[in-house]
Amino acid sequence: QVQLVESGGGLVQAGGSLRLSCAASGRTFSSYAMAWFRRAPGKEREFVAVIRWSAGNADYADSVKGRFVVSRDIVKNAVYLQMNSLKPEDTAVYYCAAQVFSGTYYEVRSYNYWGQGTQVTVSS
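Caption draft 1: Quick peek at the sheet that holds strand β1 (residues 2-7). A sheet is described by the order of its strands in space; here four strands give the open sequence β1-β3-β8-β7, paired in antiparallel fashion. Each end of this open sheet is capped by a strand with a single partner; those strands are β1 and β7 (68-73). If you compare each strand with its neighbour and ignore which way they point, the axes differ by 15 degrees on average. Pairing geometry for strand β3 (residues 18-26) and strand β8 (residues 78-83), over six bridges, is antiparallel.

Caption draft 2: Spotlight on the pattern of salt bridges. Going through the model one piece at a time under the given rule, you end up with six salt bridges. In this structure, Lys-65 engages Asp-62 in a salt bridge whose closest nitrogen and oxygen atoms are separated by 3.2 Å. Note that Arg-109 and Glu-107 form a salt bridge whose closest N and O atoms lie 2.8 Å from each other. Classification of Arg-109 by relative accessible area gives exposed; the value is 72%. A single network of salt bridges, built from pairs that share partners, joins Arg-38, Glu-46, Arg-67 and Asp-90.

Caption draft 3: Spatial organisation of the nonpolar core. Among the nonpolar cores identified, the biggest contains 35 residues, and Met-34, Trp-36, Leu-81, Met-83 and Tyr-94 are the most heavily contacted of them. Breaking this core down by element, the ones donating at least two residues are β1, β3, β4 (33-39), β5 (46-52), β7, β8, β9 (92-99) and β11 (118-123).

Caption draft 4: Inspection of unusual backbone geometry at higher detail. Here Asn-77, not a glycine, exhibits a phi torsion of approximately 55 degrees, which is positive. Within the fold, Asn-77 resides in the loop between β7 and β8. Of the residues examined, Asn-77 reaches a relative accessible area of 23% and is grouped as partly exposed. With a phi angle near 50 degrees, Ser-85 is a residue other than glycine that sits in the positive phi range. In this structure, Ser-85 sits in the loop between β8 and β9.

Rules of the game
- Residues numbered from 1 in each chain as written.
- Predicted model: local features only at pLDDT ≥ 70, side-chain atom pairs only at ≥ 80, totals over all residues.
- Heavy atoms only, no water.
- Pairing = 2+ DSSP bridges.
- Helix = DSSP H or I, 4+ residues; strand = E, 2+ residues; numbered from the N terminus.
- Axes fitted to C-alpha atoms, helices over the stretch in contact; angles between N-to-C directions.
- Salt bridge = Lys/Arg side-chain N within 4 Å of Asp/Glu carboxyl O.
- Buried < 20%, exposed > 50% of the residue type's maximum accessible area, 1.4 Å probe, protein only.
- Core = buried A, V, L, I, M, F, W, Y, C linked by side-chain atoms within 4.5 Å.

What follows is the structure, given as structure tokens:
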């Protein structure tokens, strides 16, 4: 079993920055990719960013491209999401997810493990 624990959420003004962290633990951690999703009030969970664990290449949702950066630390088994130029519409619970095998990276069903989520609130 793999456990994912997010941290770093909080309240920030529009235009500000936050850095989310996700620590993976449990059995020997092996993952094809790690991703961030988010769920805003009244909306479905949506893809934000993904990074392939071995290659390090990333993909982003159009809504965050150019503002968010995903990175990973293989030694620490951690993934990060640097969020800049935050907007009120970025307000959501942010979830870390692990994908064991290659799959459609923007689909919730492609991911095997999920964290509990961390709240990000952006005030206008």
